[in-house]
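Take a look at the letters that make up each chain.
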Amino acid sequence: MIEVLTPVEQKHHLPALPYPHAALEPYIDARTMQLHHGEHHARYVAELNGALAPFPDLRSKSALWLLLNLRKLPAEIRVAVHASAGGHVNHGLLWQAMSPTGGGVPLGPLGDAIARDFGSFNQFKARFDEAGAGLRGSGWVWLARALEKGGGLEVLTTQGHDHPLMHGRFPLLVNDLWEHAYYLKHENRRSEYLAGWWPVVNWPEAARRYERSEHSTDEKSPRFPWTKQPF
Ligand code: MN3
């Protein structure tokens, strides 16, 4: 018998966009946002709920917990949960990483850390654009922080829907390198999309995540970042 979940029973939900679809125009077009949020992200949420449906015990787990504990899951849903929970978590971060009032430069401790670890803000941007352009296939490009105490900043890319915490890095800022993120407007020109993305970057959100990452080194701490935060 196939179990049919009503929306109320579903554990994972598509988060509302924090701004209208057209709010990031002209940098990100409204149609791309409609499809990206309402179709692509929504599908990952539906796939995750579907994979978990036969396993009620797992419905209490956050998407991030599932992603970081794939080896504890039944083998038959590991691949599906890896892709769908990763897609859900990463897209949740992506919407927060952008803002209609974005752009500019990061100030405060994050701005200082970027200058310290990359030489300058412009050198960081160049590194981020270069890494994003260089990833083969689909994935994500991140500004992330190493989890060890006093951890430095790094630009890294992840394949598919892998997440930096799967690789010991706490994510501060992300952009999506899957073609669905840019193909309507930029076609195959990923570098053009990356270079044109900076005016919508939500630096206050990245700065908040940087401050939260200060507490990321102690797994027993109640402020350990992923115990409370869905993303
Ligand atoms: Mn995407």
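Can you explain the overall build of the protein chain? Please cite residues and give values.
In terms of helices and strands, the protein chain carries nine helices and three strands. Each helix and strand of the protein chain, placed in order from N terminus to C terminus, yields the pattern α-α-α-α-α-β-β-β-α-α-α-α. Residues counted as buried form 47% of the 231 residues belonging to the protein chain. By sequence separation, contacts in the protein chain at least 24 residues apart represent 67% of the contacts at least 6 residues apart. Accessible area for the protein chain stands at about 11300 Å²; split by element, carbon and sulfur atoms hold 53% of it.

Requested: an account of the packing of aromatic side chains, with residues and values cited.
Tallied over the entire structure, the rule returns 12 aromatic pairs. Here Phe118 and Phe124 contribute two aromatic rings whose centre-to-centre distance is 5.2 Å and whose plane-to-plane angle is 55°, an arrangement assigned as tilted. Overall, Phe118 belongs to the buried group, its relative accessible area being 6%. With a centroid separation of 5.6 Å and an interplanar angle of 70°, the aromatic rings of Phe121 and Trp203 are classed as edge-to-face.

For the pairing of strand β3 (residues 169–176), give the residues involved together with the corresponding values.
Among the eight residues that make up β3, seven are buried, leaving the element largely enclosed by the rest of the structure. Direction of pairing for strand β1 (residues 139–146) relative to β3: antiparallel, over a ladder of seven bridges. When the sheet's bridge partners are listed, Val141 is paired in β3 with Asn175.

Now, about the coordination of the manganese ion: what can you tell me, with residues and values included?
Every protein donor of the manganese ion is accounted for by His36 (NE2), His91 (NE2), Asp176 (OD) and His180 (NE2), and the metal-donor separations fall at 1.9 to 2.1 Å. For the manganese ion, the donor residues sit on a single chain with the sequence spacing H-x54-H-x84-D-x3-H.

So what about the pattern of salt bridges? Which residues, and what values?
A full pass over the atoms with the stated rule returns six salt bridges. Here Arg43 makes a salt bridge to Glu47, at a shortest N to O gap of 3.3 Å. Here Glu47 and Arg43 lie together in helix α1 (residues 30–52), a separation of four residues that amounts to about one turn. Glu47 gets classed as partly exposed once you look at its relative accessible area, which sits at 38%. When the shortest N-O distance is used, the salt bridge between Glu187 and Arg189 registers 3.3 Å. Overall, the relative accessible area of 42% leaves Glu187 in the partly exposed class. Judged by its relative accessible area of 34%, Arg189 is partly exposed. Each of Glu187, Arg189 and Glu192 takes part in salt bridges that share partners, so that together they form one network.

Reading the values: rules and limits
- Residues numbered from 1 in each chain as written.
- Predicted model: local features only at pLDDT ≥ 70, side-chain atom pairs only at ≥ 80, totals over all residues.
- Heavy atoms only, no water.
- Helix = DSSP H or I, 4+ residues; strand = E, 2+ residues; numbered from the N terminus.
- Buried < 20%, exposed > 50% of the residue type's maximum accessible area, 1.4 Å probe, protein only.
- Contact = heavy atoms within 4.5 Å.
- Areas by Shrake-Rupley, 256 points an atom, 1.4 Å probe, with all protein chains shown as cover.
- Phe/Tyr/Trp six-rings, centres within 6.5 Å; stacked < 30°, edge-to-face > 60°.
- Pairing = 2+ DSSP bridges.
- Donors = N, O, S within 2.8 Å, 3.2 Å for Na, K, Ca; no water.
- Salt bridge = Lys/Arg side-chain N within 4 Å of Asp/Glu carboxyl O.

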